[in-house]
Amino acid sequence: MQTPASLSPTPAWRFPLLVALALAALLAMYKPYYGGDVVEYTLATVAIADHGSPDIRLEDIARVRALLPGMFTEPFDLLEQGMRAGEQKLYAAFVRGREGSVFPVHYFGYSLLAAGPFKLFEALGIPPFKAFQAVNLLAVFALALALRRFFGSETKAWLGLGLFMLCGGVLYLHWSSPECVSAACLLAGLLLYASGAPVAGSLLAGLAAQQNPTIVFFFVFAPLFKLWLDYERALGPGANLRAQLTRRNLAGLAAGAALFALPPLFNLWQFGVPNIIARLFSDPGLVGATRLASFYFDLNQGMIIGVPGLVLALLVLVLPVLQPRADGRARGALLLAALLTLALALPALAVLNWNSGAAGVMRYAFWAAMPLLFALLVLLRRLPRWPVRLQVVLAGLAAVQAVAMLHAQRYDYVHFSPAAVRMLTWAPQYYHPEPEIFAERAGNHDNYIQPDKHYVLQREGVAVKTLVHASNLQLDAQLCGQGARLAPDLPVTPSAYGWRYIDGPLRCVAGSQPQRSFQYDAFKAGTAAALVSGWSTLEANGPGWNGAWSLGTRSRVRLQLEGGPAESLLIAGHYLAPNRQTRVVVNGQDLGWQALDQAGLLPLPPAARAATLDIELEHATPQAPGPGDPRPLAFFLREISVRQIPGKP
């Protein structure tokens, strides 16, 4: 990599002092925003500050209540009630450890950093939870020093810092959660490692990865960036590789990886798993093309609305079609940056709460965009002089990013963004958000999305777009009333997990098909719907979880219908991972392997159509849910609905 220009003969203390003063002004100007996982972080910070350990006690809850009067009353009440009652299962963001102690599901590293400023601010009469802002701004300060080292220029370091702010940093400086720390430390880590400070860079990346574990890919990609940028063709691959395997580089990577390893080790000790969040609040079955496209391109929270100017600038400056003479090393750095961004994104697609609290761009997408900003900074560093054309591109980048930051501040995460509103107004048929995003923003709420419901976006009383699930056999009655059904020629666009969109106004036609629905009460009675074999005991656990688990590799159900033979049937329920599909055989006719939680109606072949249905389900990988429950489970049966051929006895 090119050696940076010599530092200007200015006092070494001037730049850090000016940055510190600027960040102190931001600390004074901004009030803390209590978003994200604030209930966890406030309690853990108070716990560490008051009794030196991250376990949550009743007095910690009382302290936070007093410091934030009237805020988060319901979660504090639920947590306190569960702790007093000795319940094992607590409010969703907290779990019990090996000796019954209560911990937040997020690792306490961020709160540990905030505990010192918390005590200091409280002693000085400053709102103590501004400690989170102080930690965020300290990460930005570290980024500023990394930029100065990387460029060897105060002016260019200020430019880099401004670009960070315009690429999302300004949105998260006052958040009481670690997004700013993750983004700033990831970018600073890449800059430091690339500029010959592997220990400092790796430690910052390890710190960032404590709260957002996918940042562990830094330890794969940072050495690849350095190898590519320093590569000398005359030496050959072996010599270039050996040049990177220095003691400092290896020691830095080992130190950063050790810092990253603290949360998994703590989780293993307290909860028996490397990551309790992944265990409780993620599902690998959610990873797919719909969420990947949403991560990058959703008009509400995708990366594209956070860094549109950055993406455009990179394309203009590096894409071969637009810039045939672009620096080859910069192109390679951009390719590596794109791959690192993808590596950061893919594991995040498994989170259950996809439409989570954010300031415009999704929190994960904010820090996952930092490798792209790093690629641009690499390009700028490699150019000894910046021609007018480059200056114009940078000015355009700043202007577009400023607009993006203003756009992000005009809405919250339970409302559609102005960009999405325009798309849904002008061309709704071309925009189909990930289902959870649409359902929660159309209804202006943060809640679970449920297959037995539908979600409608209306304009002036007319449906613009309707989200429905394939398993909802009550949909015709819900939308059209009894005795009618949705018109069969409505434009339907499949989405993910069994959801589909109906675009435009809804139309209904007269004449519904007879249908029968068998649920918990019918299974319990055992006459019209009998669980013949391969089922565990019936369970009544509330809406959505009334039914029975399959037991073993095969389960059988027998249905007795009145009013005509079956034409199609729906089997609704939930899977226990890693199960995703079930082989369905009806009256000896094989319907193949089906994802029953998404498949919707299964048409029956003529030979299977009868008033009595013998249904056999084959489960590929029954699993015991845990050490305390050895049953081989695969599928939880909630409902079987049947549509019958009308007019036949």
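Below is a summary of the structure that appears in this document.

Reading the values: rules and limits
- Residues numbered from 1 in each chain as written.
- Predicted model: local features only at pLDDT ≥ 70, side-chain atom pairs only at ≥ 80, totals over all residues.
- Heavy atoms only, no water.
- Phe/Tyr/Trp six-rings, centres within 6.5 Å; stacked < 30°, edge-to-face > 60°.
- Helix = DSSP H or I, 4+ residues; strand = E, 2+ residues; numbered from the N terminus.
- Buried < 20%, exposed > 50% of the residue type's maximum accessible area, 1.4 Å probe, protein only.
- Lys NZ or Arg CZ within 6 Å of the ring centre and 35° of its normal.
- Patch = residues over 30% accessible without salt bridge, like charges linked within 9 Å, V, L, I, M, F, W, Y side chains within 5 Å.
- Areas by Shrake-Rupley, 256 points an atom, 1.4 Å probe, with all protein chains shown as cover.
- Salt bridge = Lys/Arg side-chain N within 4 Å of Asp/Glu carboxyl O.
- Contact = heavy atoms within 4.5 Å.
- Polar contact = N/O pair within 3.5 Å; in protein donor to acceptor, adjacent residues only side chain to side chain.
- Pairing = 2+ DSSP bridges.
- Axes fitted to C-alpha atoms, helices over the stretch in contact; angles between N-to-C directions.

**Quick look at the packing of aromatic side chains**
- Applying the stated criterion to the full structure yields 34 aromatic pairs.
- When the centroid spacing of 5.6 Å and the interplanar angle of 15° are considered together, the rings of Y110 and F132 count as stacked. Within this pair, whereas Y110 is found in helix α5 (residues 109-124), its partner F132 is found in helix α6 (residues 131-151), the two being separated by 22 residues in sequence. The residues Y110 and F132 share a single accessibility class, namely buried.
- Their ring planes at 5° and their centres at 5.8 Å tell us that F129 and F132 sit as a pair that is stacked.
- One residue, R98, lies across the ring of W269, its end atom 3.8 Å from the ring centre.
- Directly above the aromatic system of F150 lies the positively charged group of R381, at a separation of 4.7 Å from the ring centroid.

**Examining a nonpolar patch on the surface**
- Taken together, the side chains of W13, L17, L18, L21 and W158 define a hydrophobic patch exposed on the protein surface, amounting to about 520 Å² of accessible area.
- At three residues, the largest contribution of residues to the nonpolar patch is made by helix α1 (residues 14-29).
- Here L21 shows up in helix α1.

**Here we look at the environment of Y107**
- Following the sequence through the fold, Y107 ends up in the loop between β2 (102-104) and α5.
- Separated by 104 residues in the primary sequence, Y107 and Q211 have C-alpha atoms spaced 6.5 Å apart.
- Excluding residues within four positions of it along the chain, Y107 makes contact with Y41, Q210, Q211, L262, P263 and F266.

**Re the side chain of E434**
- Residue placement: E434 occurs in the loop between α21 (418-426) and α22 (435-443).
- Within the structure, the side chain of E434 is placed 2.8 Å from the backbone nitrogen of E436, a separation counted as a polar contact.
- In this structure, E434 is in contact with T290, R291, S294, W354, Y497 and Y501, ignoring residues within four places of it in sequence.

**Digging into the pairing of strand β15 (residues 582-586)**
- The side-chain alternation of β15 yields one buried face, formed by T582, V584 and V586, and one unburied face, formed by R583 and V585.
- Two elements, β15 and strand β16 (residues 589-594), share four bridges in a ladder whose sense is antiparallel. Note that in β16 the partner of V586 across the bridge is Q589.
- The turn joining β15 and β16, which pair antiparallel and follow one another in sequence, is formed by two residues; a positive phi near 50° is taken by N587.
- Bridging between β15 and strand β18 (residues 612-619) involves five bridges; their strand directions are antiparallel. Bridge pairing in β18 links V586 to I615.

**Comments concerning the environment of F151**
- Inspection of the secondary structure puts F151 in helix α6.
- Residue F151 is classed as buried on the basis of its relative accessible area, which comes to 4%.
- Sequence separation between F151 and A487 is 336 residues, and the spatial gap between their C-alpha atoms is 63 Å.

**A word on α22**
- Most of α22 is tucked away, with eight of its nine residues classed as buried.
- The set of residues buried in α22 consists of P435, E436, I437, F438, A439, E440, R441 and A442.
- Those residues of α22 hidden inside the fold are in contact with α14 (289-297), β3 (455-459), β4 (462-469) and β7 (499-503).
- If you check the start of α22, you find a side-chain oxygen 2.8 Å away from the backbone N of E436, and it comes from E434.
- Just downstream of α22, N444 is the residue with a positive phi angle, here 55°.

**Notes on the sheet that holds strand β6 (residues 492-494)**
- Spatial strand order, β3-β4-β7-β6: four strands in an open sheet with antiparallel pairing. Edge positions in the open sheet fall to β3 and β6, since each of these has one partner strand only. Within this sheet the neighbouring strands show an average axis-to-axis angle of 20°, counted without direction.
- For β4 and β7, the ladder comprises five bridges, and the chain directions are antiparallel. Residue pairing across strands places L467 opposite Y501, the latter belonging to β7.

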